[in-house]
Amino acid sequence: MNRTFTARLMLLICSVFASAQDSPLRIFAKPTPLFVKDALHAQGSVILRVEFLSTGRIRRVSVIRGLRGGISELAIEAAKRIEFEPETVGGTPVTKNRNIEYIYRYGSWERSSYRADSSTQSSQTGVDEKADAIVAKAVEALGGDRYLQVKTQIGRGQFSVIRDNAVVSFQTFTDVIVFPDKERTEFKSRGSRTVQVNTGDTGWIYDGDQELIKVQDDTQIGNFNRAIRTSLDNLLRGQWKGEAKLSYVGRRSATLGKRNDAVKLTYGDGFSVEFEFAEDGIPQRAIYFRKVPDGEDVKDEDRYAQFVDIDGVKAPFIIDRFANGAPTSRINFESIEFNKKIPESIFAKPSGSKDAKKSLKL
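Residues numbered from 1 in each chain as written. Predicted model: local features only at pLDDT ≥ 70, side-chain atom pairs only at ≥ 80, totals over all residues. Heavy atoms only, no water.

### Regarding the overall build of the protein chain
Part 1 of the argument: Helices and strands together make up the secondary structure of the protein chain, namely 8 helices and 21 strands.
Part 2 of the argument: Buried residues in the protein chain amount to 41% of all 362 residues.
Part 3 of the argument: Summarising the internal contacts of the protein chain: among those between residues at least 6 apart in sequence, 53% fall at separations of at least 24.
Part 4 of the argument: Counting every atom, the protein chain has about 19700 Å² of accessible surface; 50% of that belongs to carbon and sulfur. (Helix = DSSP H or I, 4+ residues; strand = E, 2+ residues; numbered from the N terminus. Buried < 20%, exposed > 50% of the residue type's maximum accessible area, 1.4 Å probe, protein only. Contact = heavy atoms within 4.5 Å. Areas by Shrake-Rupley, 256 points an atom, 1.4 Å probe, with all protein chains shown as cover.)

### Describing the pattern of salt bridges
Part 1 of the argument: Taken as a whole and judged by the stated rule, the model has 28 salt bridges.
Part 2 of the argument: With a closest N to O distance of 3.3 Å, Glu 186 and Arg 193 form a salt bridge.
Part 3 of the argument: The salt bridge partner of Arg 237 is Asp 233, with a shortest N-O separation of 2.7 Å. Across the pair, Asp 233 and Arg 237 agree in class, each one buried.
Part 4 of the argument: Salt bridges here are not isolated pairs; linked through shared partners, they connect Arg 252, Glu 274, Glu 276, Arg 285, Lys 299, Glu 301 and Arg 303. (Salt bridge = Lys/Arg side-chain N within 4 Å of Asp/Glu carboxyl O.)

### Quick look at the pairing of strand 21 (residues 326–338)
Part 1 of the argument: Here strand 9 (residues 152–163) pairs with strand 21 via 9 bridges, running antiparallel. Within strand 21, the position partnered with Ser 160 by the bridge is Arg 330.
Part 2 of the argument: Relative to strand 21, strand 20 (residues 313–323) is paired through 6 bridges, and the arrangement is antiparallel. The residue bridging Ile 318 from the neighbouring strand is Asn 332, located in strand 21.
Part 3 of the argument: Where strand 20 folds back on strand 21, the antiparallel hairpin that results is connected by 2 residues, among which Asn 324 adopts a positive phi of roughly 50°. (Pairing = 2+ DSSP bridges.)

### Some words on the side chain of Arg 237
Part 1 of the argument: Looking at the element boundaries, Arg 237 is found in the loop between helix 7 (232–236) and strand 15 (244–253).
Part 2 of the argument: When sequence neighbours within four positions are dropped, the list of residues in contact with Arg 237 reads Arg 65, Tyr 147, Leu 148, Val 150 and Phe 179.

### Section: the packing of aromatic side chains
Part 1 of the argument: One pass over the structure, following the stated rule, counts 6 aromatic pairs.
Part 2 of the argument: Residues Phe 173 and Phe 333 carry aromatic rings whose centres are separated by 5.5 Å and whose planes lie at 85° to one another, so their mutual orientation is edge-to-face. A residue pair is termed long-range when its members are at least 10 positions apart, and Phe 173 in strand 10 (residues 166–178) and Phe 333 in strand 21 qualify at 160 residues.
Part 3 of the argument: A ring pair is formed by Tyr 267 and Phe 271, whose centres lie 6.3 Å apart and whose planes are at 40°; its orientation type is tilted. (Phe/Tyr/Trp six-rings, centres within 6.5 Å; stacked < 30°, edge-to-face > 60°.)

Below is the structure:
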């Protein structure tokens, strides 16, 4: 027998044997959730963490990102009916956790949005399993489904600007957010008042000292969009999906001999931000770079501290900003409220300074 042929035959036999021993999780039936008659105006995605048992059954299904109005619950019921063949390693079935995404738009589910196959999940969602597990742990640490169901946030507190380790200015603020991309922040200091409002790619500013309303320029809009990209909520609620790729960076030294897990979001335009999490899942900091007018890259860090439980949702009451290792500002919340009804009118550009002077009422 020809030696080359023998080698090829042995290679083929080994390949067949290996494939018989190891096989990925395979989905055979993908039930579509039921129709939601009372949620015709809702849209968005439901991301579930599903435990596929080695026995061929579904055990636990948890919500990583959900929708109200009973939509998440119907997605869970559908996921529990998935029919699958377990992943095998060395010929032995094993239990695996996978993220499943359902997309809901105005009363119907998109069948093509169902993502479960382990061989395609990473390329479709931009998530690797290690990074995904770290994010899921952080979500649970901050409140799980309660955290994911937060749609609005009202924060009040103090903002300090720091130079050479000393506070050089001090303002009180009221910050109103409608996730994912609406925000109104009012600053007050010694009778002076400034209002900054952003809605997606538009925004305006009211300068109380000059009694002027100004449309935000491209730089200001860009700063707001960068703030969204680097925010914890953007990462943990999966609002980056379709725009960035999530990857695991590794473990890093932290305080008192502890180590943090780091993950990175990399956007299509090359911008990236890294997030670090303690062993218990609590977020520690975000790290990213920005260019200043002279072209230099500045390393920015947002460090999170003093997490407070608010009706089952944990939020950092202190956020310190560092630039190249030096402190530049501190946000110190005195109160945070979730899911309060926010009137759309507060984001509209005022017709004149008279309207802009009106106090914010929530």
